[in-house]
Amino acid sequence: MSHSLEQHDIVTRLNSHQLTFIKLLAGKVVSADVDARSCTFNFCVPLDFCHSGNVVQGGFVSAMLDAAMSHAVFACDTTVERLSSLEITTRYESVTRGESPLTVTGWVRRMTKTIAFLEADIKSESGEVLAIAHSVAKIGRKA
C-alpha cells in the first residue's frame, strides 16, 4: 500500500468515528502521519462557543488540543482501544478566535504499553501559535 493511500485510510478511519463535540466545533481530521506519530485537525469554531464576541472559551481550546493528541495515538497504534487523560496542561499564547480557520496538530512524544506522553498546538491561519498543550494519558489496549 502506498504511503499516501495508507494516510488517507487512517484519516478516513479517524473521521468515521467523529465525536459529537468535534462536529460541534466544526472539526475534521485532515492528516495523519504514522512516521511522525502525529494527527492534524482543521477546526472553525462557531461563535456559539465563544465569549467577548469571538474569543473561543478556554475549555474548548483545551478540548481541541486533547482531541488532536488522542487522535495521534489512535492513528499510529491500532492496538489502542481506550485513552484516558491523567493530566493535561494548556498554555494560552494568544487569543483563539471563533469563525476563523484553525490548524490543531497533536504528537505522540513517547509511548509505553500503558502510558502516552503527548503534545499539541493550535495555529491560526497565518501560522501564529495560539495555544500549546502537554498531556499524560493512560492507554487501554485491545485484548
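Check the entry above for the structure.
**A look at the side chain of H71**
Mapped onto the elements, H71 comes out in helix α3 (residues 58-76). At 2.8 Å, the side chain of H71 and the backbone oxygen of A67 are in polar contact. Not counting chain neighbours up to four residues away, the residues in contact with H71 comprise L14, I22, V29, C39 and F41.

**Quick word on the packing of aromatic side chains**
Tallying each qualifying case throughout the model produces 2 aromatic pairs. Ring plane angle 20 degrees and centroid distance 5.2 Å describe the contact between F41 and F43, whose orientation is recorded as stacked. Grouping residues by exposure puts F41 and F43 together as buried. Centroid distance F49 to F60: 5.1 Å. Interplanar angle 75 degrees. Geometry classified as edge-to-face. Here F49 is found in the loop between β2 (38-43) and β3 (50-51), whereas its partner F60 is found in helix α3, with 11 residues between them in sequence.

**What to know about the pattern of salt bridges**
For the coordinates displayed, the defined rule picks out 4 salt bridges. For the salt bridge of D77 with R141, the shortest nitrogen-to-oxygen distance reads 2.8 Å. Here the residue D77 occupies a position in the loop between α3 and β5 (80-92), and R141 occupies one in strand β8 (residues 129-141), the gap between them amounting to 64 residues. For D77, a relative accessible area of 16% corresponds to the buried category.

**As for the environment of S31**
Positionally, S31 belongs in strand β1 (residues 28-33). Take S31: its relative accessible area is 30%, and that puts it in the partly exposed class. As for S31 and R82, which are separated by 51 residues in sequence, their C-alpha atoms are 21 Å apart.

Rules behind the numbers
Residues numbered from 1 in each chain as written. Predicted model: local features only at pLDDT ≥ 70, side-chain atom pairs only at ≥ 80, totals over all residues. Heavy atoms only, no water. Helix = DSSP H or I, 4+ residues; strand = E, 2+ residues; numbered from the N terminus. Polar contact = N/O pair within 3.5 Å; in protein donor to acceptor, adjacent residues only side chain to side chain. Contact = heavy atoms within 4.5 Å. Phe/Tyr/Trp six-rings, centres within 6.5 Å; stacked < 30°, edge-to-face > 60°. Buried < 20%, exposed > 50% of the residue type's maximum accessible area, 1.4 Å probe, protein only. Salt bridge = Lys/Arg side-chain N within 4 Å of Asp/Glu carboxyl O.

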